[in-house]
Amino acid sequence: MALHKRLGIIGAGKIGEALIYGLLKSNVVSPEELAASTPSEQRCEMLASKYRIKSTPDNREVARNSEVVIIAVRPHIVGKVLDEIKDLVEPSQLIISIATGVTTEYISKHLKDGVPIVRAMPNNPVLVLEGMTAIAKGPNAEDKHLKLASAIFQPVGKAAVVQERELNAITGLSGSGPAYIYMVIEALIEAGIKVGLSRELSTMLVSQTTLGSAKMVLETKEHPAILKDTVTTPGGCTIEGVMELEEGKLRTSFVNAVVKATKRAGELVNQ
């Protein structure tokens, strides 16, 4: 469904470009309704040519002409960007920040009073339209703003409304999570090679197995432990592998990784 809103993305890096691709592919906005900024003139030219959108190095131009402004820059420069556009952003607009660890309270201090703010945490698979985005209401934001934010991120995967206090934990889990899963996939591919399979075949087997397993969890809504038990027969092959993973404390390692990443998410804006 079309938004019929002028949308601007400040910081059109990989995630920003993924949003551009998803929004246009899903006809949520037209090229004429979409603008993006990035410091690189070369990247500006690429985005304009590839997507037929307005692309500029000027953040102020994007802020001035957009009803919804997505802040997609690195956490340590969010304050600088907000100060740059502060005089142009009005309460009639909506600010959506996808900067890791940057609170809506921090953002609000850099803007005029009354500007509605929503914070979002998308993850890397938005690049293939299978991302997971958590969305939280900030100062001055109403339900209509959350609905609008959800409509922006749903074309690139799934979107869920959460409390802002949960976002650092979500960053540590689903934001950083793809890196953990890629490591699992990489390890299993190497294991396939170790037992005599070609890299090409091993990669296909592992990738599709990972995709299918995730889909089983989502579609059956069964607890992963129950699904694991459906594969693990008494005295069979799988239980041998499962016991080896338990011996290596796989579960504990994953839990500790999420805890560490969550802690780090709360430290980024102060650097």
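Residues numbered from 1 in each chain as written. Predicted model: local features only at pLDDT ≥ 70, side-chain atom pairs only at ≥ 80, totals over all residues. Heavy atoms only, no water.

Trainee: Before we move on, could you go through the overall build of the protein chain and cite the residues and values that matter?
Mentor: Regarding its fold elements, the protein chain presents 12 helices and 8 strands. The dimensions of the protein chain, computed from C-alpha atoms along their principal axes, are 70 × 40 × 35 Å. The 271 residues of the protein chain split such that 41% are buried. Across the protein chain, every contact between residues at least 6 apart in sequence was considered, and the portion connecting residues at least 24 apart equals 64%. Summing over all exposed atoms, the protein chain offers an accessible surface of approximately 15300 Å²; the carbon and sulfur share of this is 57%. Taken together, the 31 basic and 30 acidic charged side chains of the protein chain have centroids lying 2 Å from each other. (Helix = DSSP H or I, 4+ residues; strand = E, 2+ residues; numbered from the N terminus. Buried < 20%, exposed > 50% of the residue type's maximum accessible area, 1.4 Å probe, protein only. Contact = heavy atoms within 4.5 Å. Areas by Shrake-Rupley, 256 points an atom, 1.4 Å probe, with all protein chains shown as cover. Lys, Arg positive; Asp, Glu negative; His and termini not counted. Charge placed at Lys NZ, Arg CZ, Asp CG, Glu CD.)

Trainee: Describe the pairing of strand S8 (residues 157-162), and please don't skip the residues or the numbers.
Mentor: Two elements, strand S7 (residues 131-137) and S8, share 6 bridges in a ladder whose sense is parallel. Looking at the pairing, Ala-134 lines up with Ala-160 of S8. Taken together, S7, helix H6 (residues 143-153) and S8 constitute a β-α-β crossover, and its handedness is right-handed. (Pairing = 2+ DSSP bridges. Right-handed = clockwise from strand over helix to strand, strands pointing away.)

Trainee: Talk me through the side chain of Thr-232; I want residue IDs and the actual numbers.
Mentor: Residue placement: Thr-232 occurs in the loop between helix H10 (224-231) and helix H11 (237-247). A polar atom in the side chain of Thr-232 sits 2.8 Å from the backbone oxygen of Lys-228. (Polar contact = N/O pair within 3.5 Å; in protein donor to acceptor, adjacent residues only side chain to side chain.)

Trainee: Provide a residue-level description of the layout of surface pockets, including the pertinent values.
Mentor: Quantified by volume, the second largest pocket comes out at close to 810 Å³. Lining the second largest pocket are 35 residues, with Gly-11, Ala-72, Val-73, Arg-74 and Pro-75 positioned closest to its centre. (1 Å grid on protein atoms, 1.4 Å probe; cavity = no way out; pocket = protein on both sides within 12 Å on 5 of 7 lines; lining within 4 Å. Points joined across faces, edges and corners; volume = space filled by probe spheres on them.)

Trainee: For helix H4 (residues 78-85), give the residues involved together with the corresponding values.
Mentor: Given 3.6 residues per turn, any residue in an α-helix points the same way as the ones three and four places further on. Along H4, the positions that sit buried rather than exposed are Val-78, Gly-79, Val-81, Leu-82 and Ile-85. With its buried residues spanning 165 degrees around the axis, H4 presents them on a single face. (Arc of directions from axis to C-beta.)

Trainee: Could you give an account of unusual backbone geometry, naming the residues involved and the relevant values?
Mentor: A positive phi angle, close to 55 degrees, is found at His-4, a residue other than glycine. Relative to the assigned elements, His-4 resides in the segment before strand S1 (7-10). Note on His-4: relative accessible area 62%, which makes it exposed. One non-glycine residue with positive phi stands out, namely Leu-129, at about 60 degrees. Looking at the element boundaries, Leu-129 is found in the loop between strand S6 (117-121) and S7.

Trainee: So what's going on with the packing of helix H1 (residues 14-25) against helix H2 (residues 41-51)? Which residues, and what values?
Mentor: Closest axis-to-axis distance for the H1/H2 pair is 12 Å, and the angle between their directions is 15 degrees. As the angle between them shows, H1 and H2 are arranged roughly parallel. For the element pair H1 and H2, the recorded crossing hand is right-handed. Contacts between H1 and H2 involve Lys-14, Glu-17, Ile-20, Tyr-21 and Leu-24 from the former and Arg-43, Met-46, Leu-47, Lys-50 and Tyr-51 from the latter. Looking at side-chain class alone, the contact of H1 with H2 contains 6 nonpolar, no polar and 4 charged residues. (Axes fitted to C-alpha atoms, helices over the stretch in contact; angles between N-to-C directions. Parallel < 35°, antiparallel > 145°, perpendicular 65-115°, else oblique. Left-handed = near helix turned anticlockwise from the far one by under 90°. Nonpolar A, V, L, I, M, F, W, Y, C, P; charged D, E, K, R; others polar.)

Trainee: Please give an account of the confidence of the model for the protein chain that cites residues and values.
Mentor: Here the protein chain averages 94 in pLDDT, while 99% of its residues score no lower than 70. Confidence scores differ between elements of the protein chain, with H1 showing the lowest mean pLDDT of 89 and strand S5 (residues 94-97) the highest of 98. (pLDDT = per-residue confidence, 0-100.)

Trainee: Could you give an account of the environment of Ile-77, naming the residues involved and the relevant values?
Mentor: Along the chain, Ile-77 falls in the loop between strand S4 (68-71) and H4. Distance from Ile-77 to His-110, taken between C-alpha atoms, is 12 Å for residues 33 residues apart in sequence.

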